[in-house]
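The chain contents come next:
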Amino acid sequence: MGDNEFVVVANRLPVDKVGDHYEVSPGGLVAALAPVLRAREGCWVGWPGTIGETLEPFEFGGISLLPVALDKDDFEGFYEGFSNSALWPLYHDLIVQPEYNQAWWDRYVAVNRKFAEATAKAAAKDATVWVQDYQLQLVPGMLKALRPDVTIGFFLHIPFPAPALFQQLPWRDEILEGLKGCDLIGFQRHTDEDNFRLLTEEIRSGTFPISIDSGEIAAATNEQVEALRSAVGSPKHLLLGVDRLDYTKGILQRLLAIESLLEEGKLSDIAFVQIATPSRERIEHYRTTRKQVEEAIGRINGRFGEVGRPIVHYVHRSVPKEHLGTFYAAADIMLVTPFKDGMNLVAKEYVAAHPDADGALVLSEFAGAAVELDQAYLCNPFDLESVKEAILEATDPDPARMRHMHDWVMEHDVAAWAKSFLEEL
Ligand code: GDG
């Protein structure tokens, strides 16, 4: 038993190794939880992101971090394998075929046990523990067995599938048993919660749509915005996409919609900036997606670009947070077109970056964000015509719609999200 009154358990610690030292990775989750962790003698249990490295607990920005070591087999079986090649596609409604593999499952169990044991050691008597996301669904059950005194919350950041899909999973009973160890399970949308409740009503559940640190979206100056717009040829309409390069995000679909609009002559004088952060690059489906996206970009530029004036400006790197703010502010139309997404924070970040109510958001109905941001130009990414229509509508936006969404996002930030979950717990 430890002395931490509040423990956050997540696959990743909120740090990244830069050279030979660690830096805090500035995500919304850490921004929301840091004050709670500081106020309540808390710690964060997670993997530091380096394979095969065993680290001692360390302190960062007033938060104690408790590293869980993963070796190469853990990384491949638990992370790339079971979490991202079985659970991820299954929970996103089979956009690609999940792969069910016994050895990966065994690693998933073993790694969840490591996390549960580390948490059991760190938590004070009667502590509150908050477990995050699909990689750690067995932790609540394992932890409850080790430490019946602690109160356990669980939040699922990604969608929860309909029972007919969930039941494909060879280890569906074990996952449900694992989740039943918690005292409260939280989902992004009511539909996710409803899907879960069709399987069991034994645990308390709730819907808590996650948000962003709305006040922290880097403000951009007029000079920065102008410099960016002129760098892409001062187009009439600047379109933007910002995503991890993941097959759930519908990047190819938005490219095809733009290509088709250009072909039909319905759209002209545009530039499209697509920032696609490298993600899970050793997994085959991610490589295929990248190939298709890059092929489409090449084709579109070849067909419709001019020398020195391409249509699509493609960045396959991570961009510093401060620069993202400039991209958001400069974009006339933000394209968020996932086939399925738990929430999609990019949509909320774009809205937060438009205090003057300019700009327009094209948003998939299948993103969790569409529930709150219902004033966006909504589309169905499975229907190319619907994406095209939404883009055309967004070329002449109604500022009242952005105003409404901006006010909503500023008020419902990630701190409010964390507070509502923890109060319910
Ligand atoms: C999962 C769920 C749910 C992106 N590129 C860069 C960069 N980003 C930042 C964005 C945003 C975050 O990454 C991405 O968050 P999303 O919510 O859009 O998507 P996932 O990564 O799939 O997140 C999702 C989320 O968990 C939270 O619950 O909303 O549904 O899938 O904050 O700004 N940040 C920087 N450079 C980049 O190039 N600095």
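None of the values given here were measured: they were computed from a predicted structure.

1. With respect to the overall build of the protein
Logical step 1: Within the protein one finds 16 helices and 16 strands.
Logical step 2: Taken against the 2.2 N^0.38 rule, which gives 22 Å for 425 residues, the C-alpha radius of gyration of the protein at 22 Å falls within 12% of a compact globule.
Logical step 3: Each principal axis of the C-alpha distribution contributes one length, and for the protein these read about 65 × 45 × 40 Å.
Logical step 4: Counting over 425 residues, the protein shows a buried share of 56%.

2. A few points about the nonpolar core
Logical step 1: Within the largest apolar cluster, 64 residues are counted, with the highest numbers of intra-cluster contacts made by Trp44, Leu361 and Leu363.
Logical step 2: Per element, the largest residue contribution to this core is seven residues, and it comes from helix H1 (residues 28-39).
Logical step 3: Every residue in contact with Leu361, bar those within four places of it in the chain, is listed here: Met334, Val336, Ala347, Tyr350, Val351, Leu373, Ala376, Tyr377, Met402 and Met405.

3. Digging into the environment of Thr191
Logical step 1: Within the secondary structure layout, Thr191 lies in helix H7 (residues 190-199).
Logical step 2: C-alpha separation for the pair Thr191 and Ala162, spaced 29 residues apart in sequence, amounts to 8.8 Å.

4. What to know about the pairing of strand S15 (residues 360-364)
Logical step 1: Taking burial as the measure, the five residues of S15 include five buried ones, the bulk of the element.
Logical step 2: Along S15, one buried face is formed by Ala360, Val362 and Ser364 and the opposite face, lined by Leu361 and Leu363, is buried too.
Logical step 3: In this structure, strand S14 (residues 333-336) lies alongside S15, joined through four bridges in parallel fashion. Across the sheet, the residue bridging to Ile333 is Ala360, located in S15.
Logical step 4: Chirality of the crossover, the property in question, places the unit of S14, helix H12 (residues 345-352) and S15 among those that are right-handed.

5. A closer look at the site of the ligand
Logical step 1: In the neighbourhood of the ligand, 21 residues make up the surrounding shell, with His157, Val319, Asp341, Leu345 and Glu349 lying closest.
Logical step 2: Within the contact set of the ligand, an oxygen atom lies 3.0 Å away from a backbone nitrogen or oxygen of Gly342.
Logical step 3: Protein coverage of the free-state accessible area of the ligand, which is 730 Å², stands at 82%.
Logical step 4: Looking at the shell around the ligand, the elements with two or more residues in it are strand S11 (237-244), strand S12 (270-277), helix H11 (321-330) and H12.
Logical step 5: Residue classes in the shell around the ligand are distributed as 10 nonpolar, six polar and five charged.

6. Some details on the packing of helix H9 (residues 251-263) against helix H10 (residues 284-304)
Logical step 1: Between H9 and H10, the least distance of the axes is 9 Å, while the angle of their chain directions is 15°. Between H9 and H10, the angle falls in the class roughly parallel. H9 and H10 meet at a crossing whose hand is left-handed. Contacts between H9 and H10 involve Ile251, Leu252, Leu255, Leu256, Glu259, Leu262 and Glu263 on the former and, on the latter, Gln292, Val293, Ala296, Ile297, Arg299, Ile300, Arg303 and Phe304.
Logical step 2: Considered class by class, the residues forming the contact of H9 with H10 number 10 nonpolar, one polar and four charged.

7. Description of the sheet that holds strand S4 (residues 42-47)
Logical step 1: Pairing in this open sheet of eight strands is mixed, and the strands run S5-S6-S4-S1-S7-S8-S9-S10 from one edge to the other. The sheet is open, and its two borders are formed by strand S5 (58-60) and strand S10 (205-207), each paired with just one other strand. Within the sheet, the average angular offset between the axes of one strand and its neighbour, ignoring direction, is 25°.
Logical step 2: Inspection of the sheet shows strand S1 (residues 4-12) paired to S4 by five bridges, in the parallel sense. Paired with Phe6 across the strands is Gly42, a residue of S4.
Logical step 3: Contacts from helix H16 (residues 414-424) reach S1, strand S7 (123-132), strand S8 (151-155) and strand S9 (184-187), with the element oriented near 130° to S7.

8. Remarks on the pattern of salt bridges
Logical step 1: Applying the stated criterion to the full structure yields 35 salt bridges.
Logical step 2: The partner of Lys72 in a salt bridge is Glu76, and the shortest N-O contact between them spans 3.3 Å. You can see Lys72 and its partner Glu76 sitting in helix H2 (residues 72-91), four residues apart, about one turn around the helix.
Logical step 3: Judged by its relative accessible area of 51%, Lys72 is exposed.
Logical step 4: Judged by its relative accessible area of 28%, Glu76 is partly exposed.
Logical step 5: The residue Asp93 makes a salt bridge to Lys340 at a minimum N-O spacing of 3.2 Å. With a gap of 247 residues between them, Asp93 in the loop between H2 and helix H3 (102-122) and Lys340 in the loop between S14 and H12 connect regions that are remote in the sequence.
Logical step 6: The class for Lys340 is buried, based on a relative accessible area of 14%.

9. A few points about the state of the cysteines
Logical step 1: One pass over the full model with this rule turns up zero disulfides.
Logical step 2: As a non-bridged cysteine, Cys43 has Cys182 as the owner of its nearest cysteine sulfur, 19 Å distant.
Logical step 3: Residue classification places Cys182 among the buried residues on the basis of a relative accessible area of 4%.

Parameters and conventions
Residues numbered from 1 in each chain as written. Predicted model: local features only at pLDDT ≥ 70, side-chain atom pairs only at ≥ 80, totals over all residues. Heavy atoms only, no water. Helix = DSSP H or I, 4+ residues; strand = E, 2+ residues; numbered from the N terminus. Rg over C-alpha atoms; globule rule 2.2 N^0.38 Å. Buried < 20%, exposed > 50% of the residue type's maximum accessible area, 1.4 Å probe, protein only. Core = buried A, V, L, I, M, F, W, Y, C linked by side-chain atoms within 4.5 Å. Contact = heavy atoms within 4.5 Å. Pairing = 2+ DSSP bridges. Right-handed = clockwise from strand over helix to strand, strands pointing away. Near = heavy atom within 4 Å. Polar contact = N/O pair within 3.5 Å; in protein donor to acceptor, adjacent residues only side chain to side chain. Areas by Shrake-Rupley, 256 points an atom, 1.4 Å probe, with all protein chains shown as cover. Nonpolar A, V, L, I, M, F, W, Y, C, P; charged D, E, K, R; others polar. Axes fitted to C-alpha atoms, helices over the stretch in contact; angles between N-to-C directions. Parallel < 35°, antiparallel > 145°, perpendicular 65-115°, else oblique. Left-handed = near helix turned anticlockwise from the far one by under 90°. Salt bridge = Lys/Arg side-chain N within 4 Å of Asp/Glu carboxyl O. Disulfide = S-S within 2.5 Å.

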